[in-house]
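The chain contents come next:
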Amino acid sequence: MRYYNGLCIVRDNLSDLICKNLYHMKNSLDDEGIIRPHKGRNDPALGNDVIMTMIPSDLVYLAGRIGAKKVAFPGSRLYPLYVSEEKNSPFLAIVGPFTGAPHAVMALEKLIVLGAKRIWVLGWCGSLRQDVRVGDIILPTLAISEEGTSRHYPIGEKSIEPNRDLNRTLLEYMERERVPFSSGAVWTTDAIYRETPEKVRHFQAQGVLGVEMELSALFTVALYRSVPMAGLLVVSDELFGCKWTPGFSNPALKRGSRRAADILLSGIGHPAGRTVR
């Protein structure tokens, strides 16, 4: 039994029955789960803004840039949390790194109940376009889901997209500062080793800019929970020729990641983000 775009391709009658039941259940999951995110007695309170970063080096850079301190709490085994304070109150939190949609969504649900009001995302992606190269910045305007988490958060007919006001903040800042960037759709997958030539060509034909592993689920949960979210991706590798060209040791990736991090800080209004190099 396997799924494609929420539908089942089955091999026998039993699988068919299970699949049909799951498909109908999927459309009724608008009630709360049995296990719910909650703020525990030893959990920290957060300020309005949180940056979720997918990459360890970006977490270290951002925490150092704003002088954030690591906060001990029960969930820190799953994702470290750093908080900066202003006038003895939480101002900005940095959390990560994350691998894949389920991991990132677990953290997002927790961050919301801890008080986060605006979520900013920083991650890496593989480029599907020849004119978008390693180190380049992408402003996602739409996410196409090929992951399994977002289907559990029904959002009706809404597109899986970021908050328009937060996205506009980032866009206007980059235009004003003349920061080169591309904007458009991205493809989110659970299966990094199943980014096949057929799929790459399919999404290229739709004008998709890149592929990554978390964004469609994060956007979906943010819409479901009515929490504004936007973010930036930095190209870490290239797949546009249906051949993988990694750029993880390319100095352009580090420069692009630092620049994207500073742009997010500027969008939030943190003083550390005022200089974008």
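What you see is a predicted model; the values in this text were computed from it and never measured.

A. Here's a closer look at the confidence of the model for the chain. Confidence in the prediction of the chain, expressed as mean pLDDT, is 87, and 85% of residues score 70 or more. Here residues 1-24 is modelled with pLDDT under 50, and outside its nearest four sequence neighbours on either side it reaches 22 contacts, counting other chains as well.

B. Structural context of the pairing of strand S7 (residues 118-127). A large share of S7 lies buried, amounting to eight of its 10 residues. Pairing analysis gives five bridges linking strand S3 (residues 49-53) to S7, with the strands arranged parallel. From the neighbouring strand, Met52 faces S7, where its bridge partner is Val121. Here nine bridges tie S7 to strand S11 (residues 229-238), and the two strands are oriented parallel to one another. Bridging across to S11, Cys125 finds its partner in Val235. Examined bridge by bridge, S7 and strand S10 (residues 210-212) share two bridges and lie antiparallel to one another. Paired with Gly126 across the strands is Val211, a residue of S10.

C. A look at the packing of aromatic side chains. In the structure shown here, the tally under the stated rule is five aromatic pairs. Residues Tyr79 and Phe98 carry aromatic rings whose centres are separated by 5.9 Å and whose planes lie at 50 degrees to one another, so their mutual orientation is tilted. Of this pair, Tyr79 sits in the loop between strand S4 (69-71) and strand S5 (81-86) while Phe98 is found in the loop between strand S6 (89-95) and helix H3 (101-113), placing the two residues 19 residues apart along the sequence. The exposure class assigned to Tyr79 is buried, which follows from its relative accessible area of 5%.

Cut-offs applied
- Within each chain, residue numbers correspond to sequence positions counted from 1 in written order.
- The model is predicted, so local features are restricted to residues of pLDDT at least 70 and side-chain atom pairs to those at 80 or more, both for listing and for counting; the totals for chains, interfaces and linings are taken over all residues.
- Processing note: side-chain calculations cover all non-hydrogen atoms of the structure and skip hydrogens and water entirely.
- Summary of the metric used: pLDDT quantifies the predictor's per-residue confidence within the range 0 to 100.
- Contacts are assigned to residue pairs that have any heavy atoms within 4.5 Å of one another.
- Think of it in three bands: residues with accessible area under 20% of the maximum for their type are buried, residues over 50% are exposed, and the middle band is partly exposed, with areas taken using a 1.4 Å probe on protein chains only.
- Helix and strand definitions here come from DSSP, where helices need a minimum of 4 consecutive H or I residues and strands a minimum of 2 consecutive E residues; each element is numbered from the N-terminal end.
- Note on pairing: DSSP must find at least two bridges between two strands before they are called paired.
- Stacked, tilted and edge-to-face pairs are distinguished by plane angle, under 30 degrees for stacked and over 60 for edge-to-face with tilted covering the rest, among Phe, Tyr and Trp rings (Trp via its six-membered ring) whose centres lie within 6.5 Å.

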